[in-house]
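Structure assessment
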Amino acid sequence: MRATRSLRQRIGRRPRLWGLVFALLLLVSYVLVIRPVREVVAQYVAYPIFAAVETPRSAQFDVVQPARRAEAVFVLPAGAETDDGRVVWAAPAGVIFLLPAMFLLAAFPTRPYWIYLLGYHAVLGIGTIVLFALGIGWIPAAFDVHQFARTYVSEGVSLTVPLLLFLAGKADEIRREDAEAEVATSA
Amino acid sequence: MDAARQILSSNRTLTFFLVKMVAAYAVWFVLYDLWLLPDGRIDAWLSHSVASWTGGLLGVFYETAFVDGRTVWITRESGILIENGCNGLSALSLFVGFIVAYPGTWARRALFIPLGLLALVATNVARCAILLLISHYAPSLFDSVHGFHALFVFYVVIFLLWVAWAHYGEPSKPSGTKDGGVAATQPALATA
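Here the structure is a predicted model, which means the values were calculated and not measured.

Right, let's talk about the overall build of chain B for a bit. Check the secondary structure of chain B and you find seven helices and three strands. Traced from its N-terminal end to its C-terminal end, chain B shows the element sequence α-α-α-β-β-β-α-α-α-α. Long-range contacts, defined as pairs at least 24 residues apart, comprise 60% of the intrachain contacts of chain B with a sequence gap of at least 6.

Now the structure itself:
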């Protein structure tokens with residue numbers, strides 16, 4: 001507890017520097033840990049689920065693990081020679097997690113916002129697995145909803161929430177500076 | 001920037017804002033999926049335009065650059081095809097959705113949205129030109145740059161445009177304006 005407080009104080013003295021250090025550490029951990037985990041999720045969680053869906057509708061598709069994108073699963077029309085017309089499922093927490101998370105760490109090094117963002121992406125990832133499986137086996141429109149969740153819901157929220165936090169922090173900063181200036185003037 | 005504080009002031013206001021934004025995206029998505037995508041004209045126009053502008057940009061530096069429909073060539077051996085997914089339409093709609101949802105006047109939106117769209121299209125043209133150069137000079141790097149770095153650039157530009165909108169779009173309040181209490185007691189923020 002005491003060590004945590006002292007660490008917080010140390011970070012509080014040079015927040016910009018520590019923020020950049022943490023953001024770089026996240027980048028390194030993304031390459032070394034998160035990216036491999038995404039590949040494992042795609043290959044050992046998502047792919048087996050999608051491949052296990054057996055319905056009259058699923059017979060129209062081949063579920064494929066693309067050689068060049070280990071973090072993704074493709075659904076192709078059955079017997080297709082090329083991957084034209086593919087529908088793509090990609091593991092969550094890709095670039096659209098990394099960029100805002102680095103920003104959040106750089107701007108708020110003592111706050112766990114980036115972990116919340118990771119949690120959001122993980123939950124959204126589970127949702128996209130369910131939607132994709134529904135699309136393969138039962139409901140054609142589930143592919144559209146999955147596409148919407150993967151693009152707009154994921155990207156929009158991931159970029160917006162850090163922006164709002166940043167703007168609110170900026171407004172607080174300006175408010176504090178103005179209050180200090182006012183005190184200095186009246187003194 | 002005060003609007004951001006108000007949006008974040010409670011879970012309810014934040015949820016309301018996010019729902020409004022996602023609803024704007026949903027309207028666009030349905031419109032696109034049901035009518036614009038099957039019709040194909042807007043994607044075709046944008047893809048051809050991006051290809052044409054990319055060709056024009058590269059033509060300044062390479063006499064051999066030319067455009068053939070959606071394909072831009074730097075030489076007869078190296079070219080890139082601007083598919084629907086590469087024309088930047090989804091980035092444009094991502095940008096507009098936030099501007100529509102975030103507080104601001106419609107008059108300023110009417111000015112800011114076209115400028116932002118132009119900035120994003122220019123970014124996409126630069127991205128396509130760089131990708132074409134990479135495919136010509138360092139083809140082994142093409143996939144990683146196409147899938148990772150290029151997205152990075154798009155997101156950064158959208159983010160910066162949103163920051164600009166938060167500064168520009170929010171109407172400045174006259175001193176002493178009552179604004180949910182907080183701003184009213186701190187009139188100095190009206191200049192922010």
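Having seen the structure, we can now continue with the description.
Okay, the overall build of chain A next. For chain A, the count of helices and strands is five helices and three strands. Secondary structure elements in chain A, listed N-terminal to C-terminal, are α-α-β-β-β-α-α-α. Viewed in the frame of its principal axes, chain A has a C-alpha envelope of about 80 × 30 × 30 Å. Burial statistics for chain A: of 187 residues in total, 32% are counted as buried. Of all intrachain contacts in chain A linking residues separated by at least 6 positions in sequence, the fraction that spans at least 24 positions is 59%.

This part takes up helix 3 (residues 95-107) of chain A. The terminal C-alpha atoms of helix 3 of chain A lie 18 Å apart, and with 13 residues this matches the ideal 18 Å at 1.5 Å per residue to within 8%. With 10 of 13 residues buried, helix 3 of chain A lies mostly within the body of the structure. Three or more residues of helix 3 of chain A are buried, namely Ile-96, Phe-97, Leu-98, Pro-100, Ala-101, Met-102, Phe-103, Leu-104, Leu-105 and Ala-106 of chain A. Buried residues in helix 3 of chain A make contact with helix 2 (15-52), helix 4 (113-137) and helix 5 (141-186) of chain A together with helix 6 (142-168) of chain B.

This part covers the interface of chain B and chain A. Between chain B and chain A, the residue contacts involve 31 residues of the former and 25 residues of the latter. Residue assignment for the side of chain B that touches chain A shows that the elements contributing at least two residues are helix 1 (2-7), helix 2 (11-39), helix 4 (89-101) and helix 6 of chain B. In terms of residues, the side of chain B that touches chain A owes the most to one element, helix 6 of chain B, which gives 10 residues.

Before going further, it helps to examine helix 5 of chain A. If you check helix 5 of chain A, its first and last C-alpha atoms are 65 Å apart, about what 46 residues at 1.5 Å a residue would give, namely 68 Å. At Ala-149 of chain A, helix 5 of chain A shows its largest bend, some 35°.

Residue and element names in this part refer to chain A. Reading across the sheet, the three strands line up as 1-2-3 and stay open at both edges, with antiparallel pairing between neighbours. A single partner strand is all that each edge strand has here, and the edge strands are strand 1 (61-64) and strand 3 (87-90). When strand polarity is set aside, the average angle formed by the axes of neighbouring strands in this sheet is 20°. Across four bridges, strand 1 lies against strand 2 (residues 72-77) in antiparallel orientation.

The residue Ala-93 of chain A is not glycine, and still its phi comes out positive at about 65°. Inspection of the secondary structure puts Ala-93 of chain A in the loop between strand 3 and helix 3.

Residue and element names in this part refer to chain B. Taken together, three strands build an open sheet; the order of strands is 1-2-3 and the sheet is antiparallel. Unpaired on one side and paired on the other, strand 1 (66-68) and strand 3 (79-81) mark the two borders of the sheet. Here the average twist between neighbouring strands, direction ignored, is 20°. Pairing between strand 2 (residues 71-73) and strand 3: three bridges, direction antiparallel. Bridge pairing links Thr-71 to Leu-81 in strand 3. Set on the sheet, helix 3 (residues 41-61) makes contact with strand 1 and strand 2; between it and strand 2 the angle comes to about 10°. The strands touched by helix 5 (residues 106-137) within the sheet are strand 2 and strand 3, with strand 3 carrying the most contacts at an inclination of about 135°.

What counts as what
Residues numbered from 1 in each chain as written. Chains lettered and ligands numbered in written order. Predicted model: local features only at pLDDT ≥ 70, side-chain atom pairs only at ≥ 80, totals over all residues. Helix = DSSP H or I, 4+ residues; strand = E, 2+ residues; numbered from the N terminus. Contact = placed C-beta atoms within 7 Å. Buried ≥ 20, exposed ≤ 12 C-beta atoms within 10 Å, placed from the backbone. Expected span 1.5 Å × (residues − 1). Bend = angle between axes of the 7 residues up to and from the residue. Pairing = 2+ DSSP bridges. Axes fitted to C-alpha atoms, helices over the stretch in contact; angles between N-to-C directions.

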